Amino acid sequence: MILTLLIFYSCSSEETAENGENNDEVIPSVEAVEAQFGSLPLQERLSGIVRAQKQVDIYARISAPIVEVYKQDGEDVEEGEPLVQLSDREYRERVRQAEANLRINQARLKQAEAALDQAKSQLRRQQTLAERELSSELEMETLQAELQSAEANYELALAQVEETESTLDEQKELLGQTVIRSPITGTVGQKNAEMGMQVGTSDRLFTVGDLNDARVTINLTERMLNYIEEGQRAIIRSENMEDRMLESTVSRISPFLGVGSFSTEAEIDIENTRGLLIPGMFVTVDIMYGETDQATIVPLSAIYRHPRTGETGVFVAPEFGAEAEPVEQVDNANPPPLSEPNAVEFVSIDVIAKGRETAGVVGVNSGDWVVTVGHNLLINNDSGIARIRATSWNRIIDMQNLKPRDLLREIMNERGVAEQSSGNTTDQS
């Protein structure tokens, strides 16, 4: 309906002038393009979420109050550079206690080692006496038992030293974690750290990511896995990017379907040096996974469902091609002229493939001129004729992509241009 209004406003002034005083019979004015022959791109449109390619959430690994915050949102950070300093008084005290316990156990180990050496010496002397038959068997057994006890005490003391060393290393590690450092080089965002705040292991303090490289995550259903593969072309668009688009390829696809959802994730790596992609934003992703066989291609706006018969078809102007020339670009301020009245007929078609902007059809031939704007004006037109304005594929595709709000703005702009042109003509007269 909006497209009909657009052609009505763009043609109304010219049509009135051409009809002159013959207002009893109004000939509708429509726009048409020339059908083409080719293959239709096959694509799947999906929604995606942007992340920085190296994006990590920063958490504290210990519980302590914050005493210093080194980075703010938007600041760059190098790998290993400190972000936050936590209070370390408790953890320094734990290190000192572990060091003291280590010294105690090391002293006990020396005592056990000395006792073991003494037991070995006594046993060697007793063995020398036994060889001279100056020692009894009971004395030998007693010294052997004492040696075994000394060996056990030494092993126990050695284990205690190793345990204390491990405890000291652990406490030093915890002390080191009072300084929270960035694991990557990137930009700081989503800061949630303030001086004096008590933090725990479940509190996210920062998000750090490399904004020069982005990663778009999309969900693929089980059916899509039959034709979407790694390496296929991906076109990324967003409302925030206006008319710009980014191009990449499908980087990887997870081979596991989610339980219950029967879908999996695919990732698209893409350079973001221009900063168009913001982590967390939603984007539209078109995956180009092939082409159809050769067929007649028409814009989707040319396809019309007849309200009386329910048939799907297009309005064709069989004789218009003799006087029309394909239009590559349309100037709204100076559009192509309307033709003389031409016969227009409704032709049934079969849609064999449909893309986002065009469709491959059977029933019309390439080179036929098909109506893209003004179908409603032809339904109740008993004469079967219309004035036709040749338009460009680019214009029709752009109009199909416009949102209703933008399309209405386009209508009003064109209407303003037409009224201004009409006013200038009147003034000159």
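Chemist: Where do I start with the overall build of the protein chain in this structure?
Modeler: Regarding its fold elements, the protein chain presents 6 helices and 26 strands. Among the 429 residues that make up the protein chain, the fraction classed as buried is 39%.

Chemist: In this structure, what is going on with the sheet that holds strand S6 (residues 76-77)? I would like to understand it.
Modeler: Backbone hydrogen bonds hold the strands of a sheet together, and the pairing may be parallel or antiparallel. Pairing is antiparallel across the open sheet formed by 4 strands, whose spatial order is S4-S11-S9-S6. Across the chains shown, the open sheet's two edge strands, defined by having one partner strand only, are strand S4 (55-59) and S6. Across 3 bridges, strand S9 (residues 186-189) lies against strand S11 (residues 204-209) in antiparallel orientation. Paired with Gly189 across the two strands is Thr207, which belongs to S11.

Chemist: Looking at this structure, how should I read the pattern of salt bridges?
Modeler: Opposite charge on two side chains allows them to pair when their charged atoms are near. Summed over the entire model, instances satisfying the criterion amount to 13 salt bridges. The partner of Arg92 in a salt bridge is Asp88, and the shortest N-O contact between them spans 2.9 Å. Exposure remark for Arg92: the relative accessible area of 43% places this residue in the partly exposed category. Between Arg215 and Asp269 there is a salt bridge whose closest N-O contact spans 2.9 Å. Taken together, the residues Arg215 in strand S12 (residues 213-221) and Asp269 in strand S16 (residues 263-271) connect sequence positions 54 residues apart.

Chemist: Hey, could you run me through the packing of aromatic side chains in this one?
Modeler: Aromatic rings in a pair are described by how distant their centres are and how their planes are angled relative to each other. Under the defined criterion, the tally for this structure stands at 4 aromatic pairs. Measuring from ring centre to ring centre gives 4.4 Å for Tyr227 and Tyr289, while their planes differ by 40°; the resulting arrangement is tilted. Placement of the pair is Tyr227 in the loop between S12 and strand S13 (233-237) and Tyr289 in strand S17 (residues 282-291), with a sequence separation of 62 residues. Here the aromatic rings of Phe320 and Trp369 are separated by 5.1 Å at their centres, their planes lie at 90°, and the arrangement is edge-to-face. Placement of Phe320 in the loop between strand S20 (312-316) and strand S21 (342-343) and of Trp369 in strand S25 (residues 369-373) is noted, with a sequence separation of 49 residues between them. Like Phe320, the residue Trp369 is buried in the burial classification. Within the aromatic cluster, the residues linked to one another by ring pairs are Tyr304, Phe315 and Phe346.

Chemist: Please clarify how the nonpolar core should be interpreted in this entry.
Modeler: A general tendency of soluble globular proteins is for nonpolar side chains to be buried together. Leu83, Val84, Leu86, Phe206 and Val208 are the most contacted members of the largest nonpolar core, which has 29 residues in total. At the level of secondary structure, the elements contributing two or more residues to this core comprise strand S5 (64-69), strand S7 (82-86), helix H2 (89-131), helix H3 (137-176) and S11. For this core, the leading source of residues is H2, giving 6 residues. Val216, Met224, Ala234 and Met241 belong to the second largest nonpolar core, which has 24 residues in total.

Rules used in this analysis
Residues numbered from 1 in each chain as written. Predicted model: local features only at pLDDT ≥ 70, side-chain atom pairs only at ≥ 80, totals over all residues. Heavy atoms only, no water. Helix = DSSP H or I, 4+ residues; strand = E, 2+ residues; numbered from the N terminus. Buried < 20%, exposed > 50% of the residue type's maximum accessible area, 1.4 Å probe, protein only. Pairing = 2+ DSSP bridges. Salt bridge = Lys/Arg side-chain N within 4 Å of Asp/Glu carboxyl O. Phe/Tyr/Trp six-rings, centres within 6.5 Å; stacked < 30°, edge-to-face > 60°. Core = buried A, V, L, I, M, F, W, Y, C linked by side-chain atoms within 4.5 Å.

So, to be careful, I would describe these as geometric facts and stop short of saying anything about function.
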